[in-house]
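Descriptive analysis of the structure
The residues making up each chain are set out below.
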Amino acid sequence: MTLQQLKYVIEVARSQSINKAAQSLFISQPSLSNALKELEEELGITIFLRSNKGIIITAEGSEFLGYARQVVEQAELLESRYTNTTSPQKFFGVSAQHYAFAVSAFVRLLKDYDIEKYEFSLRETKTYEIIEDVKNLRSEIGILYVNEFNKKVISKFLGEGNLQFHELFTAKPHIFISSANPLSKKEYVTLSDLDPYPYLSYEQGDYNSFYFSEEILSTLSRPKNIKVTDRATLFNLLIGLNGYTISTGVISHKLNSKDIIAVPLKVDEQIHVGYITHKNVTNSTMANTYIQYLKESVEQEIVQL
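Scope of this entry: the structure provided in the associated data block. This one's a predicted model, so the numbers in the text were calculated from it and none came from an experiment. (Residues numbered from 1 in each chain as written. Predicted model: local features only at pLDDT ≥ 70, side-chain atom pairs only at ≥ 80, totals over all residues. Heavy atoms only, no water.)

1. Quick word on the side chain of His-278
As a reminder, the rule being used: Only DSSP runs of H or I reaching four residues or more are called helices, and only runs of E reaching two or more are called strands; each is numbered from the N terminus. Each residue is assigned to one of three classes by its accessible area relative to the maximum for its type, calculated with a 1.4 Å probe on protein chains only: buried under 20%, partly exposed between the two thresholds, exposed over 50%. In protein, a polar contact means a hydrogen-donor-capable atom and an acceptor-capable atom, both N or O and within 3.5 Å, with residues adjacent in sequence counting only if both atoms are side-chain atoms; elsewhere, any N or O pair within 3.5 Å suffices. Here, residues are in contact when the closest pair of their heavy atoms is within 4.5 Å.
Residue position: His-278 is located in strand 12 (residues 271-278). Taking relative accessible area as the criterion, His-278 reaches 7% and is therefore assigned buried. In terms of polar contacts, His-278 uses its side chain to reach the backbone amide nitrogen of Asn-280, at 3.1 Å. Beyond its immediate chain neighbours, meaning those up to four positions away, His-278 contacts Ser-62, Val-134, Lys-135, Leu-137, Gly-161, Asn-162 and Leu-163.

2. Focus on the layout of surface pockets
For clarity, the threshold we go by: Throughout, the protein atoms alone are placed on a 1 Å grid, and a set of points is a cavity if a 1.4 Å probe fits but cannot get out or a pocket if it is open with protein on both sides within 12 Å along at least five of seven lines; lining residues have an atom within 4 Å of a point. Grid points are joined across faces, edges and corners, and a volume is the space filled by probe spheres set on the points. Classes in brief: Ala, Val, Leu, Ile, Met, Phe, Trp, Tyr, Cys and Pro nonpolar; Asp, Glu, Lys and Arg charged; the others, Gly included, polar. The domain limits used here are those given by an automatic or database domain assignment.
The computed volume of the second largest pocket comes to approximately 370 Å³. The wall of the second largest pocket is formed by 15 residues, among which Gln-16, Ile-55, Glu-132, Asn-136 and Arg-138 lie closest to the centre. Counting only elements with at least two residues in the lining of the second largest pocket, the list comes to strand 2 (54-57) and helix 6 (127-135). Here the lining of the second largest pocket gets five residues from one element, more than from any other, and that element is helix 6. Residues of the lining of the second largest pocket, tallied by class, amount to four nonpolar, four polar and seven charged. Shared between two domains, the lining of the second largest pocket holds at least three residues of each, these being domain 1 (3-83) and domain 2 (88-304).

3. Examining the nonpolar core
A general trend in soluble globular proteins is that nonpolar side chains are found buried together. In plain terms, the rule: Residues belong to a common nonpolar core when they are buried Ala, Val, Leu, Ile, Met, Phe, Trp, Tyr or Cys residues joined through side-chain atoms within 4.5 Å.
The biggest cluster of nonpolar side chains holds 40 residues, and the ones touching the most others in it are Phe-92, Phe-101, Ile-141, Ile-143, Ile-175 and Tyr-290. Elements supplying a minimum of two residues to this core: strand 3 (90-96), helix 5 (100-112), strand 5 (141-146), strand 6 (163-171), strand 7 (174-178), strand 12 and helix 9 (285-303). Tallying contributions element by element places helix 9 first for this core, with seven residues. Setting aside anything within four residues of it in sequence, one finds Phe-92 in contact with Phe-106, Leu-109, Glu-119, Phe-120, Ser-121, Glu-140, Ile-141, Ser-284, Met-286, Ala-287 and Tyr-290. Among the nonpolar cores identified, the runner-up in size contains 24 residues, and Leu-6, Ile-10, Val-12 and Ile-47 belong to it.

Printed below as a string of structure tokens:
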């Protein structure tokens, strides 16, 4: 087993394709396939399952990747400390529901890592895709919420993906509205107060189940409904149409317009927001740093409520 083989495995897992990984590594696909086959035979395990649709990481492959990342990361630290070669490229990925604090922590991570080469990804995406991204190691960290309504279903999918939920904070429901909305002057709002206004929620694609909704109380019937796919569009519609959405109330005015405010929603509900990780993969240094920045961003933005 060589360090190069470990790097090959990590790149294939990241690319989700042997062909794409070979292109990134500047080697031929047959050479990469042979190197992976030799490694699997030497270790007596199957790291990847090959199919016409790409590759799937096995459970033992996920465990092996956790150790491989640690070894490669330590080797890179040694190389950067004792040689004058160019710093290695860093990879790190996060998949999240549409939370401003996740972006704040990501911005801070990028600012603090003063390196010449990196490839980071932040995907604000659908709930099911967040789970799939972490399950398949496309992202190290996933950020989503659970509550009493969706907990059993989300826990089932996390269990099947060998994933673990770590709670960051518990929030009481709020609505996000424009500061010019007539409801903005109220100390709190009720569900009946919201009936005249358009309800904005995030599209969940093929998995548009109530249990995967990014907003609580997703089963309620509302007279006016608008589905969106990104946070910028949602905020523009909050302002332009006097619409509303339901969330945690945690909002970053450094990243978002001060024209958007949070007003408490009077319902007997709690939102448990946290991050998910793969049980068989040890967090990288970047992942641990990002998690710490997440906690600090949440603390700072909750204080501003």
